[in-house]
Number of protein chains: 2
Amino acid sequence: MLKSLRAAMAAAGADMFLIPTADPHGSEYPGEHYKVRRHFSGFTGSAGTMAVTADEAGLWTDGRYFLQAERELEGSGITLFKMGQSGVPDIYDWAEANLKGTLGADFRTLTAAEGKDLANRGVKLVDFPGLIDEAWENRPPLSPEPAYSLGCEYTGRSTADKLTAVRKQMAEQGADAYIISALEDGAWLFNIRGADVKYLPVALCYGIVEKERAYLFMDEKKAAPIMEDMAAAGVEVLPYNGIYSFISRYGAEHKVMAPLGKLNYRLYLDLCDRSNVIDYDAISLMKAVKNDAELKYSRLNHLKDGVAVSRFIRWIKQNAHKGITEMQAGEKMGQLRREQEGCIDESFSTICGYGPHAAIVHYSANADTDIPIEPHGLLLVDSGGQYYGGTTDITRTISMGPVPYEQKVGYTLVLEGMLALMDAKFPKGCAGYHLDAIARMPLWQRGMDYNHGTGHGVGCMLSVHEGPNGFRWQKTSRSDRGELMPGMITSDEPGVYVENQYGVRIENLVECVEEENGFLGFRSLTFAPIDLDAVDIDTLTEQGRERLNRYHKEVYEKLSPLMTEDEREWLKQETREI
Amino acid sequence: MLKSLRAAMAAAGADMFLIPTADPHGSEYPGEHYKVRRHFSGFTGSAGTMAVTADEAGLWTDGRYFLQAERELEGSGITLFKMGQSGVPDIYDWAEANLKGTLGADFRTLTAAEGKDLANRGVKLVDFPGLIDEAWENRPPLSPEPAYSLGCEYTGRSTADKLTAVRKQMAEQGADAYIISALEDGAWLFNIRGADVKYLPVALCYGIVEKERAYLFMDEKKAAPIMEDMAAAGVEVLPYNGIYSFISRYGAEHKVMAPLGKLNYRLYLDLCDRSNVIDYDAISLMKAVKNDAELKYSRLNHLKDGVAVSRFIRWIKQNAHKGITEMQAGEKMGQLRREQEGCIDESFSTICGYGPHAAIVHYSANADTDIPIEPHGLLLVDSGGQYYGGTTDITRTISMGPVPYEQKVGYTLVLEGMLALMDAKFPKGCAGYHLDAIARMPLWQRGMDYNHGTGHGVGCMLSVHEGPNGFRWQKTSRSDRGELMPGMITSDEPGVYVENQYGVRIENLVECVEEENGFLGFRSLTFAPIDLDAVDIDTLTEQGRERLNRYHKEVYEKLSPLMTEDEREWLKQETREI
């Protein structure tokens, strides 16, 4: 594989070529056409970046994939760089140190930040948009799945209305055009969905809103089913890659607005070279604040999802002695979820980690790591679904039999924090980083913590990770702006991870609501039993117990009508008062 | 009074003159020489700003002083402007609207921010440094109190060592000089104290640190007792007001560093006009992180203070039927505190508010408002002392007899939050705004809140309000930088205020400490009983009760050895387990 790549590099005059795992839209899961790194390296993990020269090649990936990458790269001549291990250079340092001439890349697959970082280092960075097509024989075409319109019953707001809202912000900023590059943003604005990206029901497209007109850049065949709706909304449909020539119409006399952090490096350069660019995200906040229709279907789909998860919990506990492996359990979870009416797909790759594997935060079982689940200890299952009208994300940690005392204590502290945050009330103006300590304090008080945010925003039949809302005390620029507002959906998922021993995470999605007294609070969207067998009752505070009982009462009330008699009895027991 | 002022204004050519309540160092309590506003208006409150023209005069003050100002201004020809009331113009708007020619002021009594604000409005602002001397016959001289050195046993760090630390920061910023204008900063750096400002044991001075030399600008007589120590530390003593001519030595070729927000407007202008100025505070953070010596004496003095407060609580509860007034009670508190060995003075004017008065956050009883304390309801007493080696600040809300249920609930929620914050543990990197919600959550959950920060930094034999640490979720620029560090002293003082009904605030000072596991936490510095008669036991959580009992146990252990047999018995009862 590398041979053809190196030939194309030599022909084009690139001394080094950089291949991230990315599509031009910054999607979490690029489609087949964009799995360039996988094609040329043979490494099939979901995260990794490759750099190739005439005589060297390196692949950088993180701890989740060390074993898998070692195996898959064997004999390929590609050096594995284990990210985060001491003494391992990062890819930029390596590129800078080993570069003799030009560093090539398809600028559409670099984020603006990556491109700027490299340019700032003084690296001679050159765009080779056609090089991969040249080197990759039989490259899969772009995903041909048709787009479809999502009706107002689900979106709650017409495209025309959303365009007006974008234009209002453009007018405030004095902008002539707004550029949409993230697929979720396009899907939200144009009320369309598709099936081009795994786990994310969106269609490959770009968009541009001008003062009077709006354009959707999408493959003609893909757009066929939505042409009528687009015309009705006053949106002109143009070819997918047409955006790159289209934006040349903007010159020094124009102000172009875009969320620069979401642009790929080529769009970023093209826009910044030609016109005045305003870094502004006109969509994220509107998308994050769900309207009544979106909330209605989110709530509905979460109940179905809760039934699927309950069935999984019942099944895995009943089959604790059968040596079911993590991968088998993960598949079962996916199967039970897809059986639910309206379920399109999972919303991400299920994390199913047993025992010490649960201590690996982003563990993904594969052939190298898969182990049977035994009738003791804890199983962590983090999964979610894309439903028609809603996206779910839920983590339950399940006791498979006897659980060591220390692990029960950890489980109970995580539960205590999760419930405390879910029960928080706060005045308007509070952001997630003001409340993060509420979830962490039970752990902090025992000198424990977890090395990830407590929560992230979740879309509506869109991405399972979205901003600006979140719960992170170590605020990023994203959470910094994340004032919590009614209608926002955020995950509440504290955890505890003890390397080589166990891991616990308990996650509900919560909807931000305004209380009668004007304060804000949360309502759980997620309803599924929390395993009482793993609770250490002496560690749980009275307040925590009261909150758990209150939640479980609601779980039973909401889910039991959707269950069989058998299941109902089981659920009654699982959600009993303690 | 106004006549002589107007005459001086006419002679000098000032059409309007602005008189804030301020000294040139931004002190909270200016000395007699600087009580210019009081002299010319007759209004004796601690806060207020006056503006005078040839035929008009206005005084702006806040809600605490409306009654008093009305009475004291009667017949003076000065219009009272009640700040914060709707329709009342603020002083800057009024000045802008009524100004015909030049607006005069002594620029040393304006903060840099005030001066800049006025200048930005296009007001013709002129410095009249001698006008007040001209107009004020028999103006009291500058406070003549001698300065004194504070030994290394108390400061824990020599001036030479502190100078080195300041110069290190200067070198990092490439600065030639560092300007010290705040009296606390000078007192800390030069290890001196004095008696020139009420409630704050500091001496009037400025300071300048250069790469090789250091200068203390202080009245010769005042400096006499410290001359030897200054010489030993390599500090040259120059006349107090000499700084204004001294800084003319800095020109365009110099970089001068200063915390611009702490400079008066004249220093600010003089420095910015002449040289390159770097806005940098080299002292606040070092001052906030107390060393072992400072902590040792802080802890010691807090015990004495706790004895005084305990005696006060015992006294006021025993005399509940005697109709003692708020002012009398406040005086008693001060008297008991000053009886403690090493107590220099109070650290601020005691807030002693009974019943509805306690709902006024900065209530200060005066002849107009003073009421007798009755044998029911709640009395809020917020007070503190300056001790040799430490500064205290404590609030207790005391039940004077039967307390209505609603007030007990409010009291208990405040207590719950205060104890929860005091018991918080957190990783390094946390700032006060990450933890503020911990103190507020018990109130927030009932739709209640308080309209002030949960805590402020406290000095060591210095100001009772200092930065950068604090607990405020609505972060100011100050708290934004306020990463909590071991050795910092911060108040923990949630409250609840129901207008015309009652107010509760419970305040301990806490010391930030590093735990054995590397996490940070707090230890109370304040030890005094928390009134159990006001607790509603059903509202208190189990965790809160456990924390309260633990704290009270420690109160008894620490204070009882310093008490009489009688007092001990009383304390035993007050700190009993519940």
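Residues numbered from 1 in each chain as written. Chains lettered and ligands numbered in written order. Predicted model: local features only at pLDDT ≥ 70, side-chain atom pairs only at ≥ 80, totals over all residues. Heavy atoms only, no water.

## A few points about the overall build of chain A
Phase 1: Along its length, chain A carries 21 helices and 28 strands.
Phase 2: Here the C-alpha radius of gyration of chain A, 24 Å, is about what a compact globule of 578 residues would show, namely 25 Å.
Phase 3: Overall size of chain A, expressed as C-alpha extent along the three principal axes, is 70 × 55 × 40 Å.
Phase 4: Counting over 578 residues, chain A shows a buried share of 61%.
Phase 5: In chain A, of all internal contacts separated by at least 6 residues, the share reaching a separation of at least 24 is 68%.
Phase 6: Accessible surface, chain A: about 22300 Å² in total, of which carbon and sulfur atoms supply 49%.
Phase 7: Looking at chain A, you have 61 positive and 84 negative side-chain charges, and the mean spots of the two groups are 2 Å apart. (Helix = DSSP H or I, 4+ residues; strand = E, 2+ residues; numbered from the N terminus. Rg over C-alpha atoms; globule rule 2.2 N^0.38 Å. Buried < 20%, exposed > 50% of the residue type's maximum accessible area, 1.4 Å probe, protein only. Contact = heavy atoms within 4.5 Å. Areas by Shrake-Rupley, 256 points an atom, 1.4 Å probe, with all protein chains shown as cover. Lys, Arg positive; Asp, Glu negative; His and termini not counted. Charge placed at Lys NZ, Arg CZ, Asp CG, Glu CD.)

## Brief notes about the pattern of salt bridges
Phase 1: Counted by the stated rule, this structure contains 89 salt bridges over all chains.
Phase 2: We note a salt bridge from E236(A) to R213(A), for which the minimum N-O separation is 2.9 Å. Remark: R213(A) occurs in the loop between β10 (206-210) and β11 (214-217) and E236(A) occurs in strand β12 (residues 235-238); sequence separation between them is 23 residues.
Phase 3: You can call E236(A) partly exposed: its relative accessible area is 31%.
Phase 4: Taking relative accessible area as the criterion, R213(A) reaches 45% and is therefore assigned partly exposed.
Phase 5: When the shortest N-O distance is used, the salt bridge between R338(B) and E346(B) registers 3.4 Å. (Salt bridge = Lys/Arg side-chain N within 4 Å of Asp/Glu carboxyl O.)

## A look at the packing of aromatic side chains
Phase 1: In this structure the tally under the stated criterion is 45 aromatic pairs over all chains.
Phase 2: Plain terms: the ring middles of W60(B) and W94(B) are 5.2 Å apart, the flat faces sit at 65° to each other, and that makes the pair edge-to-face. You can see W60(B) sitting in strand β3 (residues 57-61) and its partner W94(B) sitting in helix α4 (residues 91-98), a full 34 residues away along the chain. Summarising the burial analysis for this pair, W60(B) and W94(B) share the class buried.
Phase 3: Here the aromatic residues Y148(A), Y154(A), Y297(A) and Y388(A) are joined through ring pairs into a cluster of three or more.
Phase 4: A cation over a ring is seen here: R266(A) above Y244(A), with NZ or CZ 4.5 Å from the ring centre.
Phase 5: Sitting above the plane of the Y556(B) ring, K572(B) keeps its charged end 4.3 Å from the centroid. (Phe/Tyr/Trp six-rings, centres within 6.5 Å; stacked < 30°, edge-to-face > 60°. Lys NZ or Arg CZ within 6 Å of the ring centre and 35° of its normal.)

## Regarding the relation of the copies chain A and chain B
Superposing the two chain copies requires a rotation about an axis and a translation along that axis.
Phase 1: Once chain A is rotated about the relating axis by 179° and shifted along it by 0.3 Å, it coincides with chain B to within an RMSD of 0.2 Å. Taken together, the turn and the small shift mark the pair as related by a two-fold rotation axis. Measuring from the rotation axis to each C-alpha of chain A, the shortest distance belongs to H434(A), at 2.5 Å.
Phase 2: The residues that chain A uses at the interface reappear at the interface of chain B in 100% of cases, marking a shared surface. (Least-squares fit on C-alpha atoms with pLDDT ≥ 70 in both.)

## A closer look at the sheet that holds strand β15 (residues 343-346) of chain B
Residues and elements named next belong to chain B.
Phase 1: Strand order in this open sheet of three strands is β15-β18-β19, and the pairing throughout is antiparallel. Where the open sheet ends on each side, the last strands, each with one partner, are β15 and β19 (390-391).
Phase 2: Bridge analysis of β15 against strand β18 (residues 385-387) gives three bridges, and the strand direction is antiparallel. Paired with C343 across the bridge in β18 is Y387.
Phase 3: Along the sheet, helix α15 (residues 292-318) contacts β18 and β19; its crossing angle with β18, the most-contacted strand, is approximately 130°.
Phase 4: On the sheet, helix α16 (residues 326-338) packs against β15 and β18 and is oriented at approximately 165° with respect to β15. (Pairing = 2+ DSSP bridges. Axes fitted to C-alpha atoms, helices over the stretch in contact; angles between N-to-C directions.)

## As for the packing of helix α18 (residues 432-444) of chain A against helix α18 (residues 432-444) of chain B
Phase 1: Between α18(A) and α18(B), whose axes approach to 8 Å, the crossing angle comes to 85°. It follows from the interaxial angle that α18(A) and α18(B) lie roughly perpendicular. On α18(B), the residues that touch Y433(A), H434(A), L435(A), A437(A), I438(A), M441(A) and W444(A) of α18(A) are Y433(B), H434(B), L435(B), A437(B), I438(B), M441(B) and W444(B). (Parallel < 35°, antiparallel > 145°, perpendicular 65-115°, else oblique.)

## What to know about the interface of chain A and chain B
Frequently, the measure chosen for interface size is the accessible area removed from exposure when the parts meet.
Phase 1: Listed as interface residues are 29 residues of chain A and, on the opposing side, 29 residues of chain B.
Phase 2: Of the roughly 2300 Å² buried where chain A meets chain B, counting both sides, 63% is carbon and sulfur surface.
Phase 3: Considering only the side of chain A, the residues that lose the most area to chain B are H434(A), Q445(A) and W473(A), jointly responsible for 25% of the buried surface there.
Phase 4: Summed over the shared surface of chain A and chain B, the result is four residue pairs in polar contact (both at pLDDT 80 or more).
Phase 5: Elements that contribute at least two residues to the side of chain A that touches chain B include exactly β21 (425-426), α18 and α20 (542-559) of chain A.
Phase 6: Take the side of chain A that touches chain B: its biggest share by element is seven residues, from α18(A). (Buried area = accessible area lost by both parts, 1.4 Å probe. Polar contact = N/O pair within 3.5 Å; in protein donor to acceptor, adjacent residues only side chain to side chain.)

## As for the nonpolar core
The nonpolar side chains of a soluble globular protein tend to be buried with one another.
Phase 1: Formed by 158 residues in total, the largest nonpolar core has its most connected members in L435(A), F522(A), F426(B), L435(B) and F522(B).
Phase 2: Residues in contact with L435(B), not counting those within four places in the same chain, are A437(A), M441(A), W444(A), L421(B), F426(B), F471(B), L484(B) and F522(B). (Core = buried A, V, L, I, M, F, W, Y, C linked by side-chain atoms within 4.5 Å.)

## Things to note about the pairing of strand β16 (residues 351-354) of chain B
A regular strand carries its side chains on alternate faces of the sheet.
Residues and elements named next belong to chain B.
Phase 1: The alternating pattern of β16 places I351 and G353 on one face and C352 and Y354 on the opposite face, and all of these are buried.
Phase 2: Relative to strand β17 (residues 378-383), β16 is paired through four bridges, and the arrangement is antiparallel. Looking at the pairing, C352 lines up with V381 of β17.

## Examining the sheet that holds strand β10 (residues 206-210) of chain B
All names here are of chain B.
Phase 1: Reading across the sheet, the six strands line up as β12-β11-β10-β8-β13-β14 and stay open at both edges, with mixed pairing between neighbours. The open sheet has two edge strands with one neighbour each: β12 (235-238) and β14 (276-279). Across the sheet, the mean angle from the axis of one strand to that of its neighbour is 25°, orientation sign disregarded.
Phase 2: Summarising the sheet, strand β13 (residues 255-258) and β14 pair through four bridges and their orientation is parallel. Along β14, the bridge assignment pairs A258 with D279.
Phase 3: Docked against the sheet, helix α8 (residues 159-173) engages β8 (177-180), β10, β11 (214-217), β12, β13 and β14, running at close to 65° with respect to β10.
Phase 4: The sheet strands contacting helix α9 (residues 183-190) are β8, β10, β11 and β12, and the helix crosses β8 at an angle near 120°.

## Concerning the confidence of the model for chain A
Phase 1: The predicted model of chain A has a mean per-residue pLDDT of 95, with 99% of residues at 70 or higher.
Phase 2: This complex was scored by the predictor with a pTM of 0.93 and an ipTM of 0.91. (pLDDT = per-residue confidence, 0-100.)

## Regarding the environment of L415(B)
All names here are of chain B.
Phase 1: Residue position: L415 is located in helix α17 (residues 405-422).
Phase 2: L415 gets classed as buried once you look at its relative accessible area, which sits at 0%.
Phase 3: Residues L415 and G544, spaced 129 residues apart in sequence, show a C-alpha to C-alpha distance of 8.1 Å.
Phase 4: When neighbours within four sequence positions are excluded, L415 is seen to be in contact with I506, I530, V535 and L548.

## Observations regarding α4(B)
Residues and elements named next belong to chain B.
Phase 1: Taken as a whole, α4 has its buried residues at I91, Y92, W94 and A95. Down the axis of α4, the smallest arc covering the buried residues is 160°, so these residues share one side.
Phase 2: The inward-facing, buried residues of α4 abut β1 (16-19), β2 (49-53), β3, β4 (79-82) and α5 (112-120).
Phase 3: Its side-chain oxygen at 2.9 Å from the backbone nitrogen of Y92, D90 defines the N-terminal cap of α4. (Arc of directions from axis to C-beta.)

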